[in-house]
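# Structure at a glance
What follows is each chain in one-letter form.
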Amino acid sequence: MANKIQSITGMSDILPDQVGLWQKLESKAHEIFSLYGYREIRTPLLEETQLFARGIGTETQVVSKEMYTFLDKGGDSVTLRPEGTAGVVRAFVQHSFAAQDPISKLYYFGPMFRYERPQKGRLRQFHQVGAELMGVDSPLADAEVVIMMDRWVRVLGITNYKLYVNSLGTNSEREVYLKNLIAYFETVKSQLGQEDRIRLEKNPLRIFDSKDEATQKLCAAAPKLIDSLGEQSRMEFETFKKALNIACVKFEINPFIVRGLDYYEKTTFEFVSSDLGSQSAFAGGGRYNKLVSELGGQETPCVGFAAGCERIVLLLEQLQSQSETTHPKSGVFLIPFDANCQSKCLELIQSLRDQGYRAEMDYEVKSLKSQMRRANKQNCRYAILLGADELQAGEVTLKDLESGEQKRVAFADILKSI
Ligand code: HAM
């Protein structure tokens with residue numbers, strides 16, 4: 001026998017038993033997002049490497065360490081998308097969306113790729129549902145995307161989570177702040193690990209993402225951006241919070257929500273759940289007003305988020321196991337006793353399916369016992385048995401697999417009886 005081929009590390013199959021929750025998550029997103037006026041966009045999985053290098057930032061972990069980048073057969077450097085925002089912005093610029101409508105509300109689903117160390121809730125191919133509101137520079141727009149995300153998870157039945165919000169201020173506020181931050185960390189540099197020292201040099205805000213306990217203590221005492229916002233940014237943050245309160249969305253201010261991608265300014269936020277273990281963030285986003293112009297378009301203020309589907313499915317699985325109910329039996333299983341009866345069963349199965357009933361049968365004629373076993377395994381409500389006797393009488397034996405009762409029914413009356 002040839003060797004079995006396994007899926008690639010960090011890239012999982014979504015098996016039929018799991019697909020139901022994925023479909024639920026997706027259909028609720030379609031339903032809720034359309035209430036807010038968002039329309040779906042589908043962009044390619046593969047993009048020019050430059051798009052992500054320029055869009056997300058070369059010093060970010062995602063771009064510097066995690067991208068699936070390779071030369072295609074034409075010698076061009078291409079990358080499997082590590083996130084959805086850059087591709088949506090590329091499409092927005094390429095198709096001149098802004099010329100058709102100053103405001104675009106877009107959402108997307110699909111696989112993303114990051115070469116990370118796989119663990120529970122962290123994969124190399126994972127899926128995101130994301131939304132972007134482009135063309136509105138208002139904290140009310142920031143609130144809209146957060147409220148929409150919040151409503152979506154609530155409709156899915158998820159309640160055990162926290163929403164953390166923060167403001168990174170404007171670029172110029174951040175520049176002043178970064179000087180203070182660097183000055184602070186320089187004084188405690190000897191206590192920083194190797195990786196955090198590199199962060200201090202290349203991208204000091206990233207120190208807040210550090211998993212090192214000693215660094216985390218230093219972070220707690222570090223100056224916070226939120227305390228050094230200018231008047232305008234502070235007012236905007238207030239308006240944002242007020243809009244969340246009006247929509248009854250609970251949140252906590254968390255000055256450490258700096259996000260792992262470089263394009264953010266002003267509002268940032270993350271949804272986290274203690275039910276997820278160490279990979280606790282199941283969605284995150286914020287405002288990014290420079291990305292469109294950095295990718296060649298007219299400057300356009302944008303805000304958006306993306307949610308990690310695997311993590312949401314983990315939460316849904318926990319809910320399901322808490323309220324596990326047995327699925328009611330449904331559908332019909334047809335059981336011909338011999339090859340002669342098979343043709344009639346084929347005719348009946350087609351008409352049942354055409355009428356909207358789930359109907360199944362074994363195409364190989366097997367023993368009655370084995371076919372009944374299969375009917376039960378398929379969780380069918382009825383079995384239709386057809387032997388020579390029934391065939392001659394123009395009838396079937398209809399067995400209710402829930403009550404065990406059975407009766408003879410004319411071919412023409414089957415639909416009425418089930
Ligand atoms: P992100 O925080 O990098 O943001 O990813 C969003 C979510 O995707 C995370 O909160 C997490 O749930 C999920 N996620 C990320 N990496 C993995 C992984 N390796 N395995 C499983 N799930 C993962 C973005 O991607 C931004 N584009 C969000 C955004 C949209 N900002 C503005 N608009």
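Everything that follows concerns the structure shown earlier in this document.
Here's what I pulled together on the structure shown here.

Rules used throughout
Residues numbered from 1 in each chain as written. Predicted model: local features only at pLDDT ≥ 70, side-chain atom pairs only at ≥ 80, totals over all residues. Heavy atoms only, no water. Salt bridge = Lys/Arg side-chain N within 4 Å of Asp/Glu carboxyl O. Helix = DSSP H or I, 4+ residues; strand = E, 2+ residues; numbered from the N terminus. 1 Å grid on protein atoms, 1.4 Å probe; cavity = no way out; pocket = protein on both sides within 12 Å on 5 of 7 lines; lining within 4 Å. Points joined across faces, edges and corners; volume = space filled by probe spheres on them. Pairing = 2+ DSSP bridges. Axes fitted to C-alpha atoms, helices over the stretch in contact; angles between N-to-C directions. Contact = heavy atoms within 4.5 Å. Core = buried A, V, L, I, M, F, W, Y, C linked by side-chain atoms within 4.5 Å. Buried < 20%, exposed > 50% of the residue type's maximum accessible area, 1.4 Å probe, protein only. Near = heavy atom within 4 Å. Polar contact = N/O pair within 3.5 Å; in protein donor to acceptor, adjacent residues only side chain to side chain. Nonpolar A, V, L, I, M, F, W, Y, C, P; charged D, E, K, R; others polar.

If you walk through the whole model with that rule in mind, you get 27 salt bridges. R154 is the salt-bridge partner of D150, the closest N and O atoms lying 3.6 Å from each other. Note that D150 and R154 are positioned in helix α6 (residues 139-155) at a spacing of 4 residues, about one turn of the helix.

A full pass over the atoms with the stated rule returns 1 cavity of 30 Å³ or more. Here the largest cavity defines a volume of roughly 70 Å³. Lining of the largest cavity is provided by D137, S138, P139, D142, S167, S233, E236, F237, K266, T267 and R287. With 3 residues, helix α10 (residues 231-246) is the largest single contributor of residues to the lining of the largest cavity.

Quick look at the sheet that holds strand β13 (residues 359-361) now. Pairing in this open sheet of 5 strands is mixed, and the strands run β13-β12-β14-β15-β16 from one edge to the other. Each edge of the sheet is formed by a strand with only one pairing partner; in this case those strands are β13 and β16 (406-410). Within this sheet the neighbouring strands show an average axis-to-axis angle of 30°, counted without direction. By the bridge criterion, 3 bridges tie strand β12 (residues 332-336) to β13 in an arrangement that is parallel. Bridging across to β13, V332 finds its partner in A359. Where helix α14 (residues 368-377) meets the sheet, its contacts fall on β12, β14 (382-386) and β15 (395-400), and the angle it forms with β12 comes to roughly 170°.

Core analysis: the biggest nonpolar cluster contains 93 residues, and F33, W152, F185, F282 and I312 have the highest contact counts within it. Top element by residues in this core is α6. It accounts for 9 residues. The residues contacting F185, other than those within four sequence positions of it, are L192, L200, I207, L218, C219 and A222.

With that settled, consider unusual backbone geometry. A positive phi angle, close to 60°, is found at C248, a residue other than glycine. Secondary-structure assignment places C248 in the loop between α10 and β8 (252-253). In this structure, N379 takes a positive phi of about 60° despite not being glycine. Residue N379 is classed as partly exposed on the basis of its relative accessible area, which comes to 25%.

Glancing now at the site of the ligand. Near the ligand you find 26 residues, and of these E83, E116, L123, E132 and Y264 are the closest. Within the contact set of the ligand, a nitrogen atom lies 2.8 Å away from a backbone nitrogen or oxygen of L123. Of all elements in the fold, only β6 (125-134), β10 (281-287) and β11 (302-308) reach the threshold of two or more residues within the shell around the ligand. The element that contributes the greatest number of residues to the shell around the ligand is β10, accounting for 5 residues. Taken together, the residues of the shell around the ligand break down into 12 nonpolar, 7 polar and 7 charged.

Quick look at the sheet that holds strand β2 (residues 46-48) now. Taken together, the 3 strands give an open sheet; going across it, the order is β2-β4-β3, and neighbouring strands pair in antiparallel fashion. Edge positions in the sheet fall to β2 and β3 (68-71), since each of these pairs with one other strand and no more. On average, adjacent strands in this sheet sit at an angle of 35° to one another, irrespective of strand direction. Pairing of β3 with strand β4 (residues 77-80), which is carried by 4 bridges, proceeds in the antiparallel orientation. Counted as the bridge partner of T69 is T79 from β4. Across the sheet, helix α2 (residues 49-56) is in contact with β2, β3 and β4; its angle to β2 comes to roughly 75°.

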